[in-house]
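The primary structure of each chain is shown beneath.
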Amino acid sequence: MRLQLQLLPRNTVISVVKREFLSGCSPNAAQGVFNCNLSNDEFVSKLLDRSWALSMPEAKIHQIKIFDRREGGLYGNISFLNNTQPHLGEGTVDKNQHLPSFYIVRDDLLHPLVNGNKARKLDALLPLLQDNFVTDVVTCGGCQSAHAAAVAVSCAERGLRSHLLLRGEEPETLTGYNLISSLYGNVIYVPRSQYARREVMLATHAESVAGSCGSVEGLSDYMEALFAKRAFGKQNVFQEDTVKFPDRKVVIVNEGAGDAVGLLGVMRLVQYLSQNHVFGRKQAIKIVVDSGTGTTAVGLGLGALCLGLPWKITAVMLADKIDGYKKAEERLISEFVRSCNSPLLTAILGNVNDGVVHWVERSIPRKFGNILEGEVQECQKIAQQTGVLLDPIYTLAAWNLATQLGQDASEDAKVVMLHTGGTLGMFGLAQRYKSYFQMLKGGVSSHL
Ligand SMILES: Cc1ncc(COP(=O)(O)O)c(C=O)c1O
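Residues numbered from 1 in each chain as written. Predicted model: local features only at pLDDT ≥ 70, side-chain atom pairs only at ≥ 80, totals over all residues.

K.L.:
Would you take a moment to explain the site of the ligand for this structure?
P.N.:
Taken together, 18 residues sit near the ligand, with Gly 292, Thr 293, Thr 296, Thr 420 and Gly 422 positioned nearest. When residues in the shell around the ligand are grouped by element, the largest group, three residues, is from helix H12 (residues 295–306). Of the residues that constitute the shell around the ligand, the class distribution is three nonpolar, 14 polar and one charged. Taken together, domain 1 (13–115 + 261–442) and domain 2 (116–257) each give at least three residues to the shell around the ligand, which thus spans both. (Near = placed C-beta within 6 Å. Helix = DSSP H or I, 4+ residues; strand = E, 2+ residues; numbered from the N terminus. Nonpolar A, V, L, I, M, F, W, Y, C, P; charged D, E, K, R; others polar. Domains from an automatic or database assignment.)

K.L.:
What's the story with the sheet that holds strand S3 (residues 101–105) in this structure? I'm lost.
P.N.:
Through backbone hydrogen bonds, the strands of a sheet pair up, either in parallel or in antiparallel fashion. Read from one edge of the open sheet, seven strands run S2-S1-S3-S12-S9-S10-S11, paired in mixed fashion. Where the open sheet ends on each side, the last strands, each with one partner, are strand S2 (78–83) and strand S11 (358–361). Each strand of the sheet is rotated relative to its neighbour by a mean of 30 degrees, with strand direction disregarded. The sheet contact formed by S3 and strand S12 (residues 414–418) spans three bridges and is parallel. Bridging across to S12, Ile 104 finds its partner in Met 417. Against the sheet, helix H15 (residues 375–386) engages strand S1 (61–68) and S2, with an angle of about 40 degrees to S2. Packing against the sheet, helix H16 (residues 395–407) makes contact with S1, S2, S3, strand S9 (285–291), strand S10 (311–317) and S12, and its axis sits at approximately 155 degrees to S9. (Pairing = 2+ DSSP bridges. Axes fitted to C-alpha atoms, helices over the stretch in contact; angles between N-to-C directions. Contact = placed C-beta atoms within 7 Å.)

K.L.:
Would you mind showing me how to read the environment of Val 253 here?
P.N.:
As for its position among the elements, Val 253 is in the loop between strand S8 (249–252) and helix H11 (261–273). Val 253 gets classed as buried once you count the C-beta atoms within 10 Å, which come to 25. Setting aside residues no more than four positions away along its own chain, Val 253 makes contact with Val 137, Thr 139, Val 151, Leu 219 and Asp 259. (Buried ≥ 20, exposed ≤ 12 C-beta atoms within 10 Å, placed from the backbone.)

Bear in mind that shape data such as this cannot, by itself, settle questions of function.
Shown next, in the form of structure tokens:
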């Protein structure tokens, strides 16, 4: 299988991969836990053979049926119905295909406070922190950052301290993810000018948390050590450090958990979805996802590629332009390749011409964070018809694309939307866009 994806300029990821491939296969290079003789499946199984934060990779899967009563008129009147128990499994997915529809992976139901895609991105990361006796986590985000809240809650659940650097001023009323961050973690508001230099800001704060006796350690070092540890049979390579530095051990997690280790949990989800009793491995599938840092989309793409699935990942770009997403993809993949040190992975990537994600514009592009009139009511209508809550910043964008693709009769592939969560984002938006939310008071608007 060779994915036909539009993306990275040939000489970016590919040249990185070729470089890594050469170094990975050189006689002097440590090859980690992976050797050249593994099959793709064995490679992925080894890669995913680790401790996880989520006890199971499962997610509920629903099917959204689409009714378009447009009847040739100009204005669409689309309505939806949620089949909460669709037929799944290799070969049976077609039985659901009487009407235009798409499937929805309900990662929004994974945790009441942690966004679905954050739970996935933190799935491998959190055990890595615990295994390395980390005491404090420093991260950053916008005032209503779902990522900061997810880190705060997940750290508190494990007895770790979190330090959340939030951009801008403290709001008058704490609500949504900001409220959750404040309840579970240590929130520090950072002036925008300082926040603009994120790396310096994070490093400086991490140093101050560590103090003179503590240490600031790198997440990527943990990941590399994890693979090397297994390869060389060393256990707890960092335990000695803990003895030497009994005080604080601080780790910086990138904004939006945009770290290579975040890809592992998303790849675990892909492995789960590709099982015979879910979507199987033969059916062509278009996965639709909304993108901020792009990490979730890249994890999906990498998982599908490594498992040789005929799946195409279509990511709606919300926070950046195509060049930014291409760079993010390149950085994440090369970081991942470096950590795994697997010649097989570099060989698999060497066959990809155009990256692992198809990046697309939102149907109505806008400045990140802006919502348009009518979108809150659209979320209201969908919530009332299906029981699925969307937010106008992220998941409504993926829903709209999934609806469009699900209606395309010429489309052979099944359409699957990953619901990334974001429910609590609505509270922050209600504070910021008062007039749009006041419109809800009159009920569902007839023009929708
Ligand atoms: C609901 C939701 N979807 C998607 C994203 C973006 O995910 P990623 O950064 O992995 O692209 C976010 C990030 O905050 C989010 O809250």
